[in-house]
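Here is how the chains run, residue by residue.
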Amino acid sequence: MTQNNATNIKTRFLICSDTHGIDSLPGFIPSAKQHADVAIHCGDLTTQSQLHEYKASIRLLQAINAPLKLAIAGNHDFTMDIPVFQKKVAEAQSLERALVDQAYGYDGEARRLFEGTGITFLDEGVHSFHLQNGALLTVYASPYTPSLGDWGFQYHPDKGHDFMIDDGSGTSAVDVVMTHGPPKGILDYTHSGERAGSPDLFRALACARPRPRMHCFGHIHEGWGAKLVTWRDRTTAMPSHLTDIDNGQSCTIAKLSGMNSKAGQSLSGGDAPIQYFATSHCSGDAHPLNWGSQTLFINAAIEGAPQSMDNQQEVLSMQLPWAVDLELRSSS
């Protein structure tokens, strides 16, 4: 499945987000033939942050055949944000603590559910991994999104948030950024036509050196899709999607309005059900990624599972996960 090209190693990522407590991916049938090097979940593992929803998400990720599985929280996973969880419990004084513990767990219990599951739950920051295929993967993770609400891992838009993708030391080149929400201006349109992404996140991406190979996220369900962005040569003083992206050299891979069954592919091939939307940006591909001057953006938000998997057309109508092939540096 993997191949070496000089120091570049072809690596497959399986990416999903916003599964909200479902325990299987659309059209997914576990098989030893279905394989990715890295599985990524970009948050909103739950809808109400209840323990049974976390357990369902754990089953979902455990069914994926990938040696490394990474997950972060989203705003719906508020019990992972201990201060927010404690505040909500204090405000709900009419509820018995025993009932709260039964549904939501005690402080930190949701996080501990992931221990020993084979799933690596990431806190905000930079993390490095030596993959089984011989590649080195450096990830920046953050669950934070801008909001005026009181869900988990949210910050006031006027106060901003410091996404430390590049700490300025020059020692950690981030390959993949995984956040819950999008940067402003990229795959972040809401149904009302407004852009809901984070300008702070966009600026952090634009100023990183080198820019990451890939940024995956969810949160804005209607923004599902993928875009290969080419950056302008010079970063402006106040970077934004209006000034720092070369749109003429960028290309949209897929977006929700153009989703159809022909774009879906199966990791196992053959007659297996259509399960994923796939894109590859390795040497020899139609659009090989130029690391440093380009970033592949993936919005992998899934709307939710259909009531029945018996109807194949029902599966095709859903927002599917992404299978992405990229080249990474060798760890040796």
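Residues numbered from 1 in each chain as written. Predicted model: local features only at pLDDT ≥ 70, side-chain atom pairs only at ≥ 80, totals over all residues. Heavy atoms only, no water.

1. A word on the overall build of the protein chain
Threshold: Only runs of H or I of at least four residues qualify as helices and only runs of E of at least two qualify as strands under DSSP, and these elements are numbered from the N terminus. We get accessible surface area from the Shrake-Rupley algorithm with a probe of 1.4 Å; when it comes to residues, only the shown protein chains can shield them.
Looking only at helices and strands, one finds six helices and 17 strands in the protein chain. As displayed, the protein chain has an accessible area near 14600 Å², and 48% of this comes from carbon and sulfur atoms.

2. Describing unusual backbone geometry
Short version of the rule: Residue exposure (1.4 Å probe, protein chains only): buried if accessible area is under 20% of the type maximum, exposed if over 50%, otherwise partly exposed.
The peptide bond linking Arg209 to Pro210 adopts the cis configuration, its omega dihedral lying at -10 degrees. Mapped onto the elements of the fold, Pro210 is located in the loop between helix H5 (199-207) and strand E11 (214-217). Positive phi outside glycine occurs at Phe153, with the angle close to 55 degrees. Mapped onto the elements of the fold, Phe153 is located in the loop between strand E8 (145-146) and strand E9 (154-155). For Phe153, a relative accessible area of 11% translates into the label buried.

3. Topic: H5
Given 3.6 residues per helical turn, the α-helix brings residues three or four places apart onto the same face. Rules: Contacts were defined at the residue level, with two residues in contact if any of their heavy atoms lie within 4.5 Å. N or O atoms within 3.5 Å of each other form a polar contact, as long as, within protein, one can give a hydrogen and the other can take it, and as long as residues adjacent in sequence are counted only when both atoms are side-chain atoms.
All of the buried residues along H5 are Asp200, Leu201, Phe202, Ala204, Leu205 and Ala206. Of the surrounding secondary structure, the elements contacted by the buried residues of H5 are E9, strand E10 (176-179), E11 and strand E16 (294-299). Where H5 begins, one side-chain oxygen reaches toward the backbone nitrogen of Asp200, 3.3 Å away; that side chain belongs to Ser198.

4. Some details on the pairing of strand E7 (residues 136-142)
Which entries qualify depends on this criterion: A pair of strands is treated as paired once DSSP finds two or more bridges between them.
E7 sits mainly inside the fold: seven of its seven residues count as buried. Burial of the side chains of E7 extends over both faces: Leu136, Thr138, Tyr140 and Ser142 are buried on one face and Leu137, Val139 and Ala141 on the other. Pairing of strand E6 (residues 125-130) with E7 involves six bridges; the strand directions are antiparallel. Paired with His127 across the strands is Val139, a residue of E7. Summarising the sheet, E7 and E10 pair through four bridges and their orientation is parallel. In the sheet register, Tyr140 faces E10, and the bridge partner there is Val177.

5. Brief notes about the packing of aromatic side chains
Where we set the bar: Only centres within 6.5 Å qualify two rings of Phe, Tyr or Trp (six-membered ring in Trp) as a pair; their planes then separate them into stacked at under 30 degrees, edge-to-face at over 60, and tilted for everything else. For a ring to carry a charge above it, either NZ of a lysine or CZ of an arginine must fall within 6 Å of the ring centroid while also lying within 35 degrees of the normal to the ring plane.
The final tally for this structure, using the stated rule, is twelve aromatic pairs. Ring geometry for Tyr54 versus Phe114: centroids 6.5 Å apart, planes at 80 degrees, classification edge-to-face. Residue Tyr54 is found in helix H1 (residues 51-62), and its partner Phe114 is found in the loop between helix H4 (109-112) and strand E5 (120-121); the two are separated by 60 residues along the sequence. Summarising the burial analysis for this pair, Tyr54 and Phe114 share the class buried. An aromatic cluster is defined as three or more aromatic residues linked by ring pairs; in this entry it consists of Phe78, Phe85, Tyr104 and Trp151. Lying across the ring of Phe78, Lys88 places its NZ or CZ 5.2 Å from the centre. In this structure, Arg213 is placed above the aromatic ring of Trp291, and the distance from its NZ or CZ to the ring centre is 3.6 Å.

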